[in-house]
Amino acid sequence: MTLEEAREQLKTLQAKMSAYDHATALIYYDGCTAAPKGTAENRAQTLGVLGEEGYRLATGKETVALLEFLDAEKDKLTPPEQRQVFLLLKDIREMQKIPMEEYVALQRLMVKADDVWHTAKETSDFALFEPVLAQVFDMHKKIAGWVAPEKAPYDYWLDKYEEGLTMEKCDAFFATLREHIVPLLRKVQAKPQLDNSILRGSFSDVKQELLAHRLMELIGLDQEHVALSTTEHPFTISFGSHFDERITTHYYKEDFSYSMFSVIHEGGHALYDTGSADELAWTVLDGGVSMGIHESQSRFYENILARSRPFCEYLFPVLEEIFPEDMAGHTAEELYKAVNRSEPSLIRTEADELTYCLHVMIRYELERRLFADELAVHDLPGEWNRLYKEYLGIDVPDDKRGVLQDSHWSGGNIGYFPSYALGSAYGAQFLRKMRESVDVDGCLRRGDFGPINDWNREHIWKYGSTYRPGELFERATGETFDPTVFTSYLEEKYTALYGLEE
């Protein structure tokens, strides 16, 4: 085999893998959106077959021989090709350590878990979800033990979502956030609360959907390649390449802001994915490099941009046009204060910027203890409720608004949650660098996301997974990660909002 023949085979291999990913993603997406309730077993059967075929393709002798040949010739490859070979070999060597029957069983289990979770959440019945959730955590512990016996199991899964992340690093990061956020929150709570009545009313799904599409267009999503649908828990998913992306939202008639911000949040994910350079399509480099960087984009658009005063000044006339009766008598400044109101709440996805990371800390602590066998799945609701009382000072009335609120565990995304807080902090540092060359506030006042998107595309999006997350971050900002940039951003914003003493 010549080097050129091997390069062509590398392209063919990745195209096949993308096709399997495409099919799997479509089936998952259908299950979350349009599929009838009684079809989970059918999806599990299909995904089991696809999972087995994907496993054989990834770990087969021909694939391994090809990649080992290319790895031996890596000095003759381009940097993107070197990265592709590295990532593929890494995944294959991990997959080879997982027995095929266990890998297939995992695909079936996750379909079952997602199906049972939806029913359990609807009925607020954790006992229904408990047995399958216990299986999910047990399976993830076993996989970590097979693949990386030298690591603590939870460290293995943290690294899967943010390369290089460990419990030690998480502990230090969250300690820094806690040191700044907790006293700031106490000062905020001592002040009169901001009025959020502008967000309350009766907002039809039809009008909220109209707003959603206006927002998608506004932030720069190409709706020829990005579609919107509804589901219980909003998410974003790619179908095989950055040319086909779906986002979802959930409409609440009494409050339009939930859907508004979920569309912008998921839209940030979609902008990142669809912003990959075209030459990366159908390769392992297509799409975001890590969930921390991914969440930096979603949280950046949702919070730093969409909750800013300049953007609220632009957005208010749009809301007046779509909801004229509800917006009558209100102002853009009221909107700005309402969407930044800070108070402890039950639901993570509805939390304000200041309290949001406390929600993430709770989930991190629970996952860590579950992996250390310091907590049983059976005891999750009680511990969840206790920590919400301790961290946020609120009582959890039921499982639906408590331990069952997130879809991550039912989707097998264990170790993901810290990425939300990391992403929020990354975004503040990206903003500081972006301001050196982009008039961010001016762009937001005009509703012109072009220069903002151009900066993100040039410094972050177009590279896909070409660079490691830490390397990409330092290339974009010219500095190492510093969480105090984020805490300073929060302190400055909320001091001004609530009239706190400096």
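As a reminder, the structure under discussion sits directly above these lines.
Note that the coordinates shown come from a computational prediction; the quantities given were computed from them, not determined experimentally.

A. Molecular detail of the layout of surface pockets. Roughly 580 Å³ of internal volume is contained in the second largest pocket. Residue lining of the second largest pocket: 23 residues in total, with L431, R435, Y489, E492 and K493 positioned closest to the centre. Sorting the residues of the lining of the second largest pocket by element identifies α11 (291-305), α12 (309-322), α14 (332-339), α17 (418-434), α18 (440-446) and α21 (483-498) as the ones contributing at least two each. With 7 residues, the single largest contributor to the lining of the second largest pocket is α21.

B. View of the packing of helix α15 (residues 353-371) against α17. Where α15 meets α17, the axes come as close as 8 Å, and the angle between the chain directions of the two elements is 145 degrees. Classified by chirality, the crossing of α17 by α15 is left-handed. In this structure, α15 contributes Y356, C357, V360 and Y364 to the contact, and α17 contributes P418, Y420 and A421. When its residues are assigned to classes, the contact of α15 with α17 shows 7 nonpolar, no polar and no charged.

C. Structural detail: the environment of T2. When you line up the elements, T2 lands in the segment before α1 (3-33). Classification of T2 by relative accessible area gives partly exposed; the value is 43%. Sequence spacing of T2 and F69 is 67 residues, and the spatial spacing of their C-alpha atoms is 9.7 Å.

D. Geometry of the side chain of Q405. Mapping Q405 onto the fold places it in the loop between α16 (380-392) and α17. Here L346 takes part through its backbone oxygen, which lies 3.0 Å from a polar atom of the side chain of Q405.

E. Molecular detail of the packing of aromatic side chains. Scanning the entire structure with this criterion turns up 35 aromatic pairs. A ring pair is formed by F173 and F174, whose centres lie 5.3 Å apart and whose planes are at 50 degrees; its orientation type is tilted. The same class applies to F173 and to F174, which are both buried. For the ring pair Y416 and Y420, a centre distance of 5.1 Å and an interplane angle of 35 degrees mean the geometry is tilted. Classification of Y416 as buried rests on a relative accessible area of 10%. R299 extends its terminal NZ or CZ atom over the ring of Y356, reaching a point 3.4 Å from the ring centre. Its guanidinium or amino end placed over the ring of Y463, R475 lies 5.6 Å from that ring's centre, counting from NZ or CZ.

Scoring rules and cut-offs
- Sequence order sets the numbering: in each chain, residues are counted from 1 along the sequence as written.
- pLDDT decides what is reported in this predicted model: residues at 70 or higher carry local features, side-chain atom pairs at 80 or more are listed and counted, and totals for whole chains, interfaces and linings draw on all residues regardless.
- Side-chain metrics in this entry use all non-hydrogen atoms of the structure; hydrogen atoms and water are not considered.
- A cavity, in this analysis, means grid points on a 1 Å lattice covering only the protein atoms where a 1.4 Å probe fits yet has no way out; a pocket is instead an open set bounded by protein on both sides within 12 Å along at least five of seven lines, and a residue lines either one if it has an atom within 4 Å of a point.
- Grid points are joined across faces, edges and corners, and a volume is the space filled by probe spheres set on the points.
- Helix and strand assignments come from DSSP, with helices taken as H or I runs of at least 4 residues and strands as E runs of at least 2, each series counted from the N terminus.
- Only the stretch in contact is used when fitting a helix axis, every axis being a line fitted to C-alpha atoms; angles between N-to-C directions are given from 0 to 180 degrees.
- A crossing counts as left-handed when the near helix is turned anticlockwise from the far one by less than a right angle, and as right-handed when that turn is clockwise.
- Contact definition: two residues touch when any of their heavy atoms are within 4.5 Å.
- Under this grouping Gly is polar, as are all residues other than the nonpolar Ala, Val, Leu, Ile, Met, Phe, Trp, Tyr, Cys and Pro and the charged Asp, Glu, Lys and Arg.
- Each residue gets one of three labels from its accessible area relative to the maximum for its type: buried under 20%, exposed over 50%, partly exposed in between, using a 1.4 Å probe on protein chains only.
- Whenever two N or O atoms come within 3.5 Å, that pair is a polar contact, provided that in protein one can donate a hydrogen and the other can accept it, and provided that, for residues adjacent in sequence, both atoms are side-chain atoms.
- Pairing of aromatic rings covers Phe, Tyr and Trp, the last through its six-membered ring, and needs centres within 6.5 Å; plane angles under 30 degrees mean stacked, over 60 mean edge-to-face, and all others mean tilted.
- Two conditions define a charge sitting above a ring: the NZ of Lys or the CZ of Arg must be within 6 Å of the ring centre, and it must be within 35 degrees of the ring normal.

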